[in-house]
Amino acid sequence: MRDVNLLVIFTEEAFGAKLLEALTAGLYDGNKNCLREYVQNSIDSKAKRIDIYYENNRSDLVIKDTGCGMDKQELVKALHLGKSEKPDTAIGWRGIGIWSGIPACRRIVIITKKQNHPKYRIEIDADKLRDQYGHNLLATEVLTEITGEIEELELGRDESKKDSQYTIIRLEEMLSNQRAIFIEKDIKEYLERVVPAPFDTSKFTIGNEINKRLIAHGIKLVKIDIFFENQKIFRPPYNDDFFFSNIIEKTFFVNNVIVAYGWLLSSNKNRILKLSNRGVYFKKKMMTIGDANLVTKQQEGNYNQWQYGEIHIIHDGLKENAPRNNFEANNDIIDPFYKQVGFFVRHLQQMNQYQSHYMVSTPIEQIKKHIDADEIKTAQDKLSKLQKKLQKTRSFPTEPALQGMKKTIDKESNKNRIEIKKLEKAIKKKKKRQPSDLVKEKMERFSDFIKNSRPILKRHLSKTTQKGKLELNIDAMAPVKDLLQQKTGLTENDLSTLTRRAYDWKDVTKGDNGPILQLSESYRDRHFGAMIYGLYNLFVNPFKHEKGKPIFAYYESMTEEEKIETLIEFHHAQNLILRLIEKSDRIRNP
Amino acid sequence: MKVLLVEPTYYTKFPPLGLLKLASYHRSRGDQVKLVRGINEDLEFKPDRIEVTSLFTYAWKPVHEAIQFYHDEFRHAKMRVGGIYASLMSERLESFFPFIDIYHGLFEKADAYIPAYDLLDDVEKWEKWDSTLLFTSRGCIRNCPYCVVPKLEGKLRSVVECLERYIYPGHKRIILWDNNFFASPNWKNIMKDLQDIGLPVDFNQGIDARLINDEKARMIAELKTPLIRTAFDDLHEEKAVTDAVDILAQNGIRRRKIFIYTLYNFFDEEHYNDTPTNFFKRIKLISELGCVSYPMRFEPLNALKKNRFISPLWTEQQLKMVVKARRILGYGGAFPPYKGLVDKFDRANSFKEAFSVYPLRAHPSNL
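Criteria and thresholds
Residues numbered from 1 in each chain as written. Chains lettered and ligands numbered in written order. Predicted model: local features only at pLDDT ≥ 70, side-chain atom pairs only at ≥ 80, totals over all residues. Heavy atoms only, no water. Helix = DSSP H or I, 4+ residues; strand = E, 2+ residues; numbered from the N terminus. Buried < 20%, exposed > 50% of the residue type's maximum accessible area, 1.4 Å probe, protein only. Contact = heavy atoms within 4.5 Å. Areas by Shrake-Rupley, 256 points an atom, 1.4 Å probe, with all protein chains shown as cover. Lys, Arg positive; Asp, Glu negative; His and termini not counted. Charge placed at Lys NZ, Arg CZ, Asp CG, Glu CD. Domains from an automatic or database assignment. Buried area = accessible area lost by both parts, 1.4 Å probe. Salt bridge = Lys/Arg side-chain N within 4 Å of Asp/Glu carboxyl O. Polar contact = N/O pair within 3.5 Å; in protein donor to acceptor, adjacent residues only side chain to side chain. Phe/Tyr/Trp six-rings, centres within 6.5 Å; stacked < 30°, edge-to-face > 60°. Lys NZ or Arg CZ within 6 Å of the ring centre and 35° of its normal. 1 Å grid on protein atoms, 1.4 Å probe; cavity = no way out; pocket = protein on both sides within 12 Å on 5 of 7 lines; lining within 4 Å. Points joined across faces, edges and corners; volume = space filled by probe spheres on them. Nonpolar A, V, L, I, M, F, W, Y, C, P; charged D, E, K, R; others polar. Axes fitted to C-alpha atoms, helices over the stretch in contact; angles between N-to-C directions. Parallel < 35°, antiparallel > 145°, perpendicular 65-115°, else oblique. Left-handed = near helix turned anticlockwise from the far one by under 90°.

Here's the deal with the overall build of chain B
Consideration 1: For chain B, the count of helices and strands is 13 helices and 13 strands.
Consideration 2: Considered along the principal axes of its C-alpha atoms, chain B spans approximately 65 × 50 × 45 Å.
Consideration 3: Split into buried and exposed, the 367 residues of chain B put 53% on the buried side.
Consideration 4: A fraction of 74% describes how many contacts in chain B between residues 6 or more apart in sequence connect residues 24 or more apart.
Consideration 5: Accessible area of chain B: about 17,600 Å², with a carbon and sulfur share of 50%.
Consideration 6: Of the side chains in chain B, 53 bear a positive and 48 a negative charge, and the two mean positions are spaced by 4 Å.

As structure tokens, this is what we get:
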């Protein structure tokens, strides 16, 4: 027996107000998590529908459910900290949730109505709570102080004492530093990712089949409609189009007992899935635990995010921690489970590498484009490279759950090989053809244009056309640069600096030292300077290695005739610029 | 519960702040709210409760119209009427409408709520409203006989500690409705907050000239203020007003930005020094100071019609002269320090000379 005289007895005197801060702010990493707590409470109260919306120009956030509501005693109990009388089937069990909105707002208001009971309201003064953290008060004193009286509210005509039931949580006067956290887009994404929303099976039809399989594995789908700002929330993914239709299924066992069931879909393109459609998440009672990293970090290597999936925890022994960003570490299941997850992710990555190697529809598309644009040499080069790559072999992971995917990928790869043969033929055919008369005609026009150009431009153009180049290249603005250097006396080589100093523009606002050249006595000169640089930046690619990148794509994708036409137009614009630079007066030395 | 908030269609430059706070109060109780101005014939909102506000007593008519209309429309709904007219003349209101509840004075429970300005988007007159209306204090330290504030709000007390949370997101201007801002014990903190926030500020109810000193003037000058309002209601305050204007001017506030309300037509048994001559002297002094004067005609507390009360020390003729002078000589009802006008007031030796619109040449349209 323990000696009573030696025991340390804890009474309420032992709990100071600072503890409350730790409970309400410290435990919840990221304040949006209070939404999860409230949604969870609503689900536990058997709500069929939850509405989350702003009021008062987003200064208040309201979470309203159609759950069973609370009578007076239940409301008081709901405010108790760290005590929960919820049954095992409930999602929440720590008894802190109702307080989780404290760090976000000035007041939490709870309005609740249970069938055959009046409507009650209570207010928690979060501001006052924050004030009192610093004082040396008892937790119970402070809690009593900041919690208002239970108020009984009048019912509206569309409510009945007998039937109406609901709970409304209002986070009133969100703190100004919290408004950036609770913005519409972020709340929507958060809800989609975390709460047990259904699939939008009108666009994601595979969802129907997934639901069946989840049920078959004993996972209870939560039947609830969650609306945010009147928009129904669906959980990802959102579209069939990004995925192969194979559902990858993986069951995780520890000591021969099923711990979790996972399903995954794999990208049908060799690229990272868009944010809302990617990630593999742990789910428990349909609520997300942790983020996508929690799954993938269980293996140490890279993982290239070509899958979307959910791993549903079935085993009761795997309990989530309070912030719900991981599972409690103190049990025998978690380590072997995580090990398996890591192993599985490694195999996923190997599968992705296999797919990346054998599925080559993207380069095939590119080569097609080159052929269409008569860029036969480029097409030929790329094709040879691709064929060389395909001759090498890569192995597929041994994981049984993934073998179905191997068939799918191989089938795609075979289609690709047929395409490649077609491309070879197309290239051969094109090689025989002569350049059209149209191109010749345009080239003549180009030569005429060169003849009539300003000397400074002519010198430059005859140089480049002699080499037979029909490209806008790094030198295309050289005449403008030359003229600017002559006029200003500057020795800069960078056109951006040159125009900025010549015409004193800096993001088209005034620069520091004033202009060197003056076209008119107006601030518009700065616009002119910026225009020169704009033309340069629009058409002339200063980095050779960036060729083919989007900014240049519109030029590269043109036909030969169009290219000549565009060159003429470009040099016309250049002529205008040269004329205006000539007209400019030098008003100071650099 | 559904709550309809009704602003009657009286003339006003400001949206119904009390109703907007009441809206937030109701929302905080889970109620749905809807704001209307005046009669709205095709309202789909079916209220359980109707809250009607009122303003000055002489603007009672639209209040009565609104009460009658919404009572007929929604017979089952409980109706409550508050605001200045309802508080001051509740018996009269009750005799017309025995079925309403009347709320007297300030509804303290709703006062601390941030007004639900978003409701203004649904009201055509207010949809472009972009200013935060604010009392940082209530009541006044003075007890001026012609003023309703001490009777309605009592002694001065500060009601806002930290300004920032009251500034509505997206608003471009702050309008302070403090009755006597610089008499508030908290004025310095609020001024600092105003500086930090950086929005233009209007001390809408005017500042007390007797309280202006160098420090305050400097702080005012550092704010963005479209104009500075003060008052010159009694000739005894001549020195206070002159000093205040000088101090403000020394701190860089342009004199023509100073707008001085000038009471006239006031009378009660104990105060009878407001005569046309007295009024003329005040207007002339303001003109000499280079400031704008804005005559304010006294209305008794319970006036049911505007501009009916005539002080025994004024004649109807004289009151009309002021009206006419404001219209013809002034601008927007005020007398700005235009050179011609300053000269006219300067040359004038009497009320009559000052406010007669002749010998200025008559405008052709008046012939």
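Notes on the domain arrangement of chain B
Residue and element names in this part refer to chain B.
Consideration 1: When its domains are assigned, chain B resolves into domain 1 (2–109) and domain 2 (129–366).
Consideration 2: Taking the mean C-alpha position of each, domain 1 and domain 2 sit 30 Å from one another.
Consideration 3: Between domain 1 and domain 2, the residue contacts involve 15 residues of the former and 17 residues of the latter.
Consideration 4: Note on domain 1 versus domain 2: buried area summed over both sides is about 1,400 Å², and carbon and sulfur give 73% of it.
Consideration 5: When the area that domain 1 buries against domain 2 is broken down by residue, the three leading residues are Phe14, Leu17 and Tyr58, summing to 41%.
Consideration 6: Our count for the domain 1 to domain 2 interface comes out at zero salt bridges.
Consideration 7: On inspection of domain 1 and its partner domain 2, the count reaches four residue pairs in polar contact (both at pLDDT 80 or more).
Consideration 8: Every element with two or more residues in the side of domain 1 that touches domain 2 is listed here: α1 (17–27) and α3 (84–88).

Some remarks on the packing of aromatic side chains
Consideration 1: Within this structure, the stated rule accounts for 49 aromatic pairs over all chains.
Consideration 2: Taking 5.0 Å as the distance between ring centres and 85° as the angle between the ring planes, the aromatic pair formed by Tyr354 of chain A and Phe396 of chain A counts as edge-to-face. Taken as a pair, Tyr354 of chain A in helix α10 (residues 334–358) and Phe396 of chain A in the loop between α12 (376–391) and α13 (403–432) lie far apart in primary sequence, 42 residues in all. Pair check on accessibility: Tyr354 of chain A and Phe396 of chain A agree, each one buried.
Consideration 3: By the ring-pair criterion, three or more aromatic residues cluster together here, those being Tyr264, Phe279, Trp314, Phe335, Phe345, Phe351 and Phe355 of chain B.
Consideration 4: Looking at Arg92 of chain B, its charged tip hangs above the ring of Trp60 of chain B, at a distance of 4.3 Å from the centre.
Consideration 5: Sitting over the face of the ring of Tyr294 of chain B, Arg326 of chain B holds its NZ or CZ atom 5.0 Å from the ring centroid.

Concerning the pattern of salt bridges
All names here are of chain B.
Consideration 1: One pass over the full model with this rule turns up 64 salt bridges over all chains.
Consideration 2: A salt bridge links Glu51 to Arg80; the nearest nitrogen and oxygen atoms lie 2.8 Å apart. Taken together, the residues Glu51 in strand β3 (residues 49–52) and Arg80 in strand β4 (residues 78–81) connect sequence positions 29 residues apart.

Here's the deal with the environment of His64 of chain B
Residue and element names in this part refer to chain B.
Consideration 1: The residue His64 is located in helix α2 (residues 60–73) in this model.
Consideration 2: Residue classification places His64 among the buried residues on the basis of a relative accessible area of 8%.
Consideration 3: Sequence-wise, His64 and Leu93 are 29 residues apart; in three dimensions their C-alpha atoms are separated by 8.1 Å.
Consideration 4: Beyond its immediate sequence surroundings of up to four residues, His64 is in contact with Tyr85, Arg92, Leu93, Phe96 and Phe97.

Digging into empty space enclosed by the protein
Consideration 1: This structure, assessed with the given rule, holds two cavities of 30 Å³ or more.
Consideration 2: In this structure, the second largest cavity occupies an estimated 50 Å³ of space.
Consideration 3: As for the second largest cavity, its lining consists of Asn56, Ser59, Asp60, Arg107, Arg170, Glu172 and Glu173 of chain A together with Ser24, Ser28, Tyr113 and Ile114 of chain B.
Consideration 4: Here the lining of the second largest cavity is built from residues that sort into two nonpolar, four polar and five charged.

Here's the deal with the packing of helix α4 (residues 126–133) of chain A against helix α5 (residues 139–146) of chain A
All names here are of chain A.
Consideration 1: As a packed pair, α4 and α5 sit with axes 9 Å apart at the nearest point and diverge in direction by 155°. Relative to α5, the element α4 is oriented roughly antiparallel. In this structure, the crossing between α4 and α5 has a hand that is right-handed. Of the residues in α5, those in contact with Lys128, Leu129 and Gln132 of α4 are Val142, Glu145 and Ile146.

Focus on the interface of chain A and chain B
Consideration 1: If you look at the interface, chain A gives 25 residues, while chain B gives 23 residues.
Consideration 2: Of the roughly 1,800 Å² buried between chain A and chain B, counting both surfaces, carbon and sulfur atoms make up 38%.
Consideration 3: Sorting the residues of chain A by area buried against chain B places Asn56, Glu154 and Arg157 of chain A first, and these three jointly supply 30% of that buried surface.
Consideration 4: Between Arg27 of chain B and Glu55 of chain A there is a salt bridge, and its shortest N-O distance comes to 4.0 Å.
Consideration 5: For the pair chain A and chain B, the number of links is 14 residue pairs in polar contact (both at pLDDT 80 or more).

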